[in-house]
Amino acid sequence: MDKLRQKENDRIRELISDDLFVEWRLVRSEELNAYWADFIRRNPGYSDALDAASRMVDSVRINERHVPPGIRIALYEKIAGRLRRRRFDMYAAILSVSATAAILVMAAIFGKFVLNDTPDKNVAVQEITTDRYANENILLITDGKVVELENVEEAITIDAEGAIAVTGKDDIIALPEPAKDALSRIVVPAGRRSSMTLSDGSKIWLNSCTELTVPNRFDGRTREITVRGEIYAEVAPGSKPFIVHTPDFNVVVHGTVFNISVYENDGEKFVVLVEGSVSLNIAGGKPVRLEPNQIALVGDAGIEKRNVDVNEYIGWKDGILIFNKAPLSLILTKIGRYYNIAFEAEDGPELMRRRYSGKLFLTGNIDSMMSSVSAITSTRYAIRQDTIHLMKP
Amino acid sequence: MEKPQVSNNKLPECTFSFVYEQYLDDLYSYGMGFGVSEDDCLDAIQDVFYKLFSSRKKLAEIENLKTYLLCCLRNRLFDIARHSGRMFTLPVDSIVFNTDAGFTDTLVISEEQKIIKEKVEALMNSLSSRQREIIYLRYMQKLDYDEIARIMNITPESARKQVYRSILAMRKHACKKAVFAFLFHFM
């Protein structure tokens with residue numbers, strides 16, 4: 001067995017040491033295609049070695065460089081800053097808001113929690129705002145076009161040939177046989193959610209404030225997608241490894257069902273595994289493998305693994321928010337994203353730090369949802385424009 | 001087939017970040033080939049994106065964004081070189097384009113990968129600077145002759161001929177080595 005493998009390795013090495021072979025994989029001219037096809041005809045034993053050697057040489061990249069994440073963001077900020085400074089360009093202001101991480105405003109606290117009726121002049125108002133996207137509709141950007149999805153029922157489907165359709169609409173948005181490496185991007189603003197089927201049959205649910213980039217077709221040796229925000233994925237089985245890229249880490253999927261949350265303004269980013277097996281790769285660290293019902297929390301201190309009840313993390317997909325001793329600030333952030341509303345609370349940080357456990361049904365009706373929230377947190381609420389004020393009862 | 005609704009006159013702001021994310025690495029990879037410092041390259045890229053994003057009309061109208069951006073970057077790098085001697089140590093007309101080979105996602109490369117890397121680099125170094133640039137644009141950036149022509153400021157026909165000549169030069173390099181190997185065998 002070893003001798004066979006040795007022979008195979010020798011053949012592979014022979015091929016990759018041949019300048020003509022390397023040149024062929026680089027330029028793929030007709031002349032060289034014919035030459036090597038002929039070579040295989042005369043030496044059929046080399047067929048496997050040729051495939052393996054081809055894969056090796058094909059994975060070479062010339063001059064490939066990536067701008068590191070920190071510099072990427074800083075550079076974008078510089079561009080946004082310059083655009084902002086141009087007079088009368090109101091769009092530049094929106095550009096900077098949508099580009100940077102969500103704004104989480106915590107006013108400085110001067111007063112303390114007072115139980116009587118006369119308000120303490122120094123108690124500061126605490127605000128929780130959410131990512132504000134200029135658009136209220138889900139956007140599908142593909143093939144040089146921008147398509148807005150207005151109705152809640154619309155879902156995006158990519159078929160095996162890379163054709164993109166939106167259910168509920170009769171038109172095909174992007175034709176089959178897309179250009180090689182064609183990408184599509186879905187942007188889900190606050191207050192909306194979406195789901196889509198990829199060309200391999202994998203199903204992805206997108207939570208509010210999420211951007212997902214996928215290839216129209218998985219032509220390469222891997223299936224790779226990029227996400228910012230939160231998704232729940234059911235990955236179709238397949239021989240090509242499925243990899244999810246996020247700004248801070250990659251998730252390599254060996255099995256099927258998981259939830260990734262990588263919101264910029266959340267303290268922790270995480271991956272929760274429901275079924276199957278995934279591993280997280282973080283730059284400069286060892287890969288971390290997850291079993292079902294485990295969470296990997298990615299923070300400044302590194303990756304922490306814990307056993308959890310997955311329902312707490314994936315309920316959003318079905319409109320249910322389950323929280324277990326979660327601080328009110330986190331609960332309101334999640335609700336804020338889901339409905340695209342901001343919260344204001346008059347009690348200072350003490351209220352926001354209180355922890356609650358429970359289940360919220362995120363129905364379309366904000367009032368019924370808020371009455372559950374006030375019941376759980378013992379507060380009163382009032383809706384003014386698109387901000388909800390929480391007050392002492 | 002009816003075209004779906006497209007809101008082209010109110011391009012969402014997120015398109016800027018989409019375009020930026022999509023093409024930043026391509027621009028960086030291409031720009032660094034000219035032997036400039038990382039800072040100078042990123043400055044030039046900043047200028048290119050700023051110019052593009054300043055005009056929303058332009059962004060909506062340009063058909064081939066990648067080619068446009070690469071072309072802008074090349075021009076910008078050359079403009080900077082013309083006006084300040086600091087970026088390039090050689091005079092402007094002999095600006096070199098260099099290439100190196102590598103493998104993505106690997107910290108340590110195998111023996112086989114080392115061999116391939118050396119071979120690819122040797123093949124590319126057997127070419128002139130201009131030929132290297134053309135081969136890079138054709139086979140790494142996967143551009144067609146029209147696109148290469150726009151970026152390098154030549155005709156598509158000239159682009160095609162130069163690609164052909166580059167392949168010939170690589171072949172000469174390959175065969176020269178084969179001849180030496182052959183001679184060595186008989187010594």
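Report on the accompanying structure. Because the structure is a prediction, the values reported are computed rather than measured.

Here is what the cut-offs are and how they apply
- Residues numbered from 1 in each chain as written.
- Chains lettered and ligands numbered in written order.
- Predicted model: local features only at pLDDT ≥ 70, side-chain atom pairs only at ≥ 80, totals over all residues.
- Heavy atoms only, no water.
- Salt bridge = Lys/Arg side-chain N within 4 Å of Asp/Glu carboxyl O.
- Helix = DSSP H or I, 4+ residues; strand = E, 2+ residues; numbered from the N terminus.
- Buried < 20%, exposed > 50% of the residue type's maximum accessible area, 1.4 Å probe, protein only.
- Phe/Tyr/Trp six-rings, centres within 6.5 Å; stacked < 30°, edge-to-face > 60°.

### Topic: the pattern of salt bridges
Reasoning step 1: For the structure shown, the criterion picks out 26 salt bridges over all chains.
Reasoning step 2: Note that Arg25(A) and Asp58(A) form a salt bridge whose closest N and O atoms lie 2.7 Å from each other. One end of the pair, Arg25(A), is in helix α2 (residues 19–27); the other, Asp58(A), is in helix α4 (residues 47–58), with 33 residues separating them in the sequence.
Reasoning step 3: Taking relative accessible area as the criterion, Arg25(A) reaches 14% and is therefore assigned buried.
Reasoning step 4: Among the residues examined, Asp58(A) registers a relative accessible area of 25% and is labelled partly exposed.
Reasoning step 5: Its salt-bridge partner being Lys66(B), residue Asp26(B) comes within 3.9 Å of it at the nearest N-O pair. Here Asp26(B), found in helix α1 (residues 14–32), pairs with Lys66(B), found in helix α4 (residues 65–83); they are 40 residues apart in sequence, far enough to count as distant.
Reasoning step 6: Residue class for Lys66(B) comes out buried when judged on its relative accessible area of 19%.

### A short note on unusual backbone geometry
All names here are of chain A.
Reasoning step 1: Located in the positive-phi region is Asn293, a residue other than glycine, with phi close to 65 degrees.
Reasoning step 2: Structurally, the position occupied by Asn293 is in the loop between β18 (288–290) and β19 (294–299).
Reasoning step 3: The backbone of Lys325 sits at a positive phi, close to 55 degrees, despite the residue not being glycine.
Reasoning step 4: Summarising the element assignment, Lys325 is placed in strand β21 (residues 320–327).
Reasoning step 5: Since its relative accessible area comes to 57%, Lys325 is described here as exposed.

### Some details on the packing of aromatic side chains
Residue and element names in this part refer to chain B.
Reasoning step 1: Applying the stated rule across the entire model yields 19 aromatic pairs over all chains.
Reasoning step 2: On the numbers, 5.0 Å between centres and 70 degrees between planes, the contact of Phe34 with Phe97 is edge-to-face. Placement of Phe34 in the loop between α1 and α2 (38–54) and of Phe97 in the loop between α4 and β1 (101–103) is noted, with a sequence separation of 63 residues between them.
Reasoning step 3: Residue Phe34 is classed as buried on the basis of its relative accessible area of 3%.
Reasoning step 4: Relative accessible area serves as the criterion here: at 0%, Phe97 is assigned to the buried category.
Reasoning step 5: Seen from their ring centres, Phe97 and Tyr136 are 5.4 Å apart, and the 50 degrees between their planes marks the pair as tilted.

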